[in-house]
Amino acid sequence: MKRYNVTNAVILILCFTLGVVVGHRYIKPGTIPFLSSPQGGTGAIGDVRTLANITKPKDMTDVDFGEFWEVWQILEKEYVDPAKLDRQEMVYGAIQGMAASIGDNYTVFLPPEEDKRAAEELSGSFYGVGIELGYIDGILAVVAPLRGMPADKAGVKAGDLILRVKDPKTNFDQETTDWSLAEAVNNIRGEKGTEVQLTLLRPEEKSEPFELSIPRDEIIIPSVELEFVEHNGQRAAHLILSRFSDRTEPEWNDAVAKIAAEGSAVDLIVLDMRNNPGGYFDQAISVTSEFVSKGTVVSQQGRYSSKPFPASGKPRLGDLPLVVLVNRGSASASEIVAGALRDLEGVKLIGETTFGKGTVQDRRQLNGGGGLHVTVAKWLLPSGTPISKEGIAVDVEVKDDPETEPDEVVLKAIETSVTQ
C-alpha cells in the first residue's frame, strides 16, 4: 500500500496538474460499501432502492432518507427531459454532495474516470498546462506552476486566485465559485494544442483581475534535478526536488550518486523544494532520512490515536551542510520535510512562508470504480506543532527576481550556510 500526499488539493494531483495533498493512502476495493445503481435510463424507484447494498449504521436510526427518495421520484416522473436522467450520474452527484456538506475542500468523492485521472498524474507524464491547484480561503488557487511548463511560461505564479475559466474551443465559460478540485480538472483540462483562458487575481500585488491564455501540452515532470553552483568560494549541490512521484526514487538515487562522485569538491547542499506541492508521503520520510539518522520525522494525529513516523536507514547526505529552500508553492510532503529538517537538525529555511497543507487524506477506491478522498488526520512536526493554514515560516525571507540571473534565493542560501 503506497501513501501519497495530495497538496491543498486532494492532494489528487490533477492532470494539469493538481497536487498538494498530504498523506494519501491507497486502499483496495471492498473496504467501503458503494451505492450502485442502474446504468442510466428511467424506471421504478424501487429498483434503485434495492441496489443500495449497504448496512445502515446503528447510530443513524434517526436519519430519514424519505426526502431523498421523494426528490428522486419527482425527477423521474416529472422532469421535462427524461433523456437527461442518468441514474448513475444522479447517484454520483448525491455522493459528491454528501462529501461536500462537510465543508472540507479535501474530502471529496470522484467518479471512476476522475479518480483514474487523479492517480495517473503520479506517473509524472500527462497532458495539461502544468498547474498545481488548491484553495486559499475557499477560492480556487494556484499552489504552484510547474517549472518550464506552459503555465509557468505564461506567467502564472504561486498564490494566484483562479476566478474564471474559458475554453474557446468548447465555448465553456464559467466562474470557479464553489468548484471542487474534480470540477477544476474537468474544466481546465482539454486536448493537446488547444488553449484555456484563466482569469486570475494576484492578491499580493493588489492588482485587478487579468486573463491569461495558456496552451495545453504534454506535461513531463522530472521529480529531481541536480546542478552545481559556485558562489563566494563555495560549491553547492543545488538539489531541486519538484514533487514526490513515481519518478522520485530513481532520480533521487541518481542525484545522490553524482554528489558522492564529486567528493570533497562539494561544500554544501541546497535542497530546493520551492513550488513542490507534495506527492507520495513515504518518500517524504525517505528524503528526510537522507539527512537525519534518528528521530520522529512527523506524527499523524487522527481521530482516535496518534502515530509517529521515524527516520529510517542511514543518511547518505548527512555529512554535508544543508539549507532548504521553500516558498508559497511548497506544500504537503515538502512541508513535512522542511519542518522535520528544521526541528531535528536546526536546518535553516530560506525563501518564503510555505503554503500550509497539514491534513491527511485517505484515498479509498470504491467497489464501483470511484474514489473517496477523506481527511482522516493532521500532521504534527517533530516539535509537536501542526502544519497550520498559515504555513511554515522561513528563517531568511528572500524572493527570486525572475528577470535576473542567477537565482537570488540560491545565492542567499549559500551565503547563509557560510555564516552559520
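The paragraphs below set out a description of the structure included in this document. (Residues numbered from 1 in each chain as written. Predicted model: local features only at pLDDT ≥ 70, side-chain atom pairs only at ≥ 80, totals over all residues. Heavy atoms only, no water.)

### What about the side chain of H238?
Tracing the chain through its elements places H238 in strand β13 (residues 234-241). Since its relative accessible area comes to 3%, H238 is described here as buried. Looking at H238, its side chain comes within polar contact range of the side chain of E227, at 2.6 Å. Contacts of H238, omitting those with residues within four sequence positions, involve E225, L226, E227, V229, V270, D272, R274, L325 and V410. (Helix = DSSP H or I, 4+ residues; strand = E, 2+ residues; numbered from the N terminus. Buried < 20%, exposed > 50% of the residue type's maximum accessible area, 1.4 Å probe, protein only. Polar contact = N/O pair within 3.5 Å; in protein donor to acceptor, adjacent residues only side chain to side chain. Contact = heavy atoms within 4.5 Å.)

### Things to note about unusual backbone geometry
A positive phi angle, near 55 degrees, is found at D137, a position not held by glycine. Relative to the assigned elements, D137 resides in the loop between β5 (131-136) and β6 (139-145). Although it is not a glycine, N232 sits at a positive phi angle of roughly 55 degrees. Residue position: N232 is located in the loop between β12 (224-231) and β13.

### Considerations on the packing of helix α2 (residues 66-78) against helix α3 (residues 87-100)
Interhelical geometry of α2 versus α3 gives an angle of 150 degrees and a closest axis separation of 13 Å. Of the two possible hands of crossing, α2 and α3 adopt the one that is right-handed. The segment α2 lies against α3, with F68, W72, L75 and E76 engaging R87, M90, V91 and A94. (Axes fitted to C-alpha atoms, helices over the stretch in contact; angles between N-to-C directions. Left-handed = near helix turned anticlockwise from the far one by under 90°.)

### What about the packing of aromatic side chains?
Across all of its chains, the model carries nine aromatic pairs by this definition. Where F68 meets W69, the ring centres are 4.9 Å apart and the plane angle is 85 degrees; that geometry is what we call edge-to-face. Both rings, one in F281 and one in W379, keep their centres 4.5 Å apart while their planes meet at 20 degrees; by these two values the pair is stacked. Highlighted residues: F281 in helix α8 (residues 281-289) and W379 in strand β20 (residues 371-380), separated in sequence by 98 residues. Given a relative accessible area of 0%, F281 falls into the buried group. The buried category is assigned to W379, whose relative accessible area is 0%. Taken together, the ring pairs connect F68, W69 and W72 into an aromatic cluster. The ring of F228 is capped by R235, whose NZ or CZ atom sits 4.4 Å from the centre of that ring. Between K357 and the ring centre of Y106, over which it is positioned, the NZ or CZ distance is 4.5 Å. (Phe/Tyr/Trp six-rings, centres within 6.5 Å; stacked < 30°, edge-to-face > 60°. Lys NZ or Arg CZ within 6 Å of the ring centre and 35° of its normal.)

The quantities given are spatial measurements derived from coordinates; they are silent on function.
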